[in-house]
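These are the residues of each chain, in order.
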Amino acid sequence: MRYLAGIPDPTRASFFGLPYWVIVLVGAIALFGAFQAYYWIGHKLGEKLYDSRIGRRLPRAQIARVERVVEKWGALAVYGCFWVPVLRHTLPWVAGVLRISYPWYVVASALGCLTWVPVTSFALYGVIWGWFQLATHSPITAVVVAVVAVAVIVFLVVRRRRRKADKALAA
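Residues numbered from 1 in each chain as written. Predicted model: local features only at pLDDT ≥ 70, side-chain atom pairs only at ≥ 80, totals over all residues. Heavy atoms only, no water.

## Quick look at the environment of Glu 71
- Within the fold, Glu 71 resides in helix 3 (residues 60–73).
- Its relative accessible area of 58% is what places Glu 71 among the exposed residues.
- Measuring from C-alpha to C-alpha, the distance between Glu 71 and Leu 98 comes to 8.0 Å, with 27 residues separating the pair along the chain. (Helix = DSSP H or I, 4+ residues; strand = E, 2+ residues; numbered from the N terminus. Buried < 20%, exposed > 50% of the residue type's maximum accessible area, 1.4 Å probe, protein only.)

And the structure:
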């Protein structure tokens, strides 16, 4: 089965006429470039960055937590931030503000890009492909799986918001 609902078989996947692994590699390189830009923006702007639009969108307490992670773990925190959604978006520029060792930052961000991008890209592609295969064989089962997945996500989001609200009331 080469194509299923317009999505190519994962073993023969291609987009824009290029093999899927090339698209993933280009994505990893683009993410690496973005991480370098964020580092240098943080490095050049320093503490002024916290008063910018980016800094105002995050609570100062959250930025302080990211700073503690960077100070404690250094370049290892840069690698780990790829796997933690909040850190992935704030740590690169905080690392620049804190001026962690740039050579170590480059190594850690390169390793992060070369591991996180392929794992998430191929895993997501596999999940989508598997769901479409399920849908072609048993549409009812595919709908049930989709409804259960959405219900679990909604449950987790609601539970997280309630816990945050409870913490806010307790404080």
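## Focus: the packing of aromatic side chains
- Per the stated rule, a full pass over the model turns up eight aromatic pairs.
- Where Trp 40 meets Tyr 102, the ring centres are 4.9 Å apart and the plane angle is 55 degrees; that geometry is what we call tilted. Placement of the pair is Trp 40 in helix 1 (residues 20–45) and Tyr 102 in helix 6 (residues 102–137), with a sequence separation of 62 residues.
- We classify Tyr 102 as partly exposed; its relative accessible area is 27%.
- Every member of this aromatic cluster is reached through a ring pair, and the members are Tyr 39, Trp 40, Tyr 102 and Tyr 105. (Phe/Tyr/Trp six-rings, centres within 6.5 Å; stacked < 30°, edge-to-face > 60°.)

## Quick notes on the nonpolar core
- Residues Leu 31, Phe 82, Leu 91, Trp 93, Val 94, Ile 100 and Tyr 105 are the most contacted members of the largest nonpolar core, which totals 30 residues.
- Of all elements in the fold, only helix 1, helix 3, helix 4 (75–81), helix 5 (85–98) and helix 6 reach the threshold of two or more residues within this core.
- Setting aside its immediate chain neighbours within four residues, Tyr 105 contacts Phe 35, Gln 36, Tyr 39, Val 78, Pro 92, Ala 95 and Ile 100. (Core = buried A, V, L, I, M, F, W, Y, C linked by side-chain atoms within 4.5 Å. Contact = heavy atoms within 4.5 Å.)

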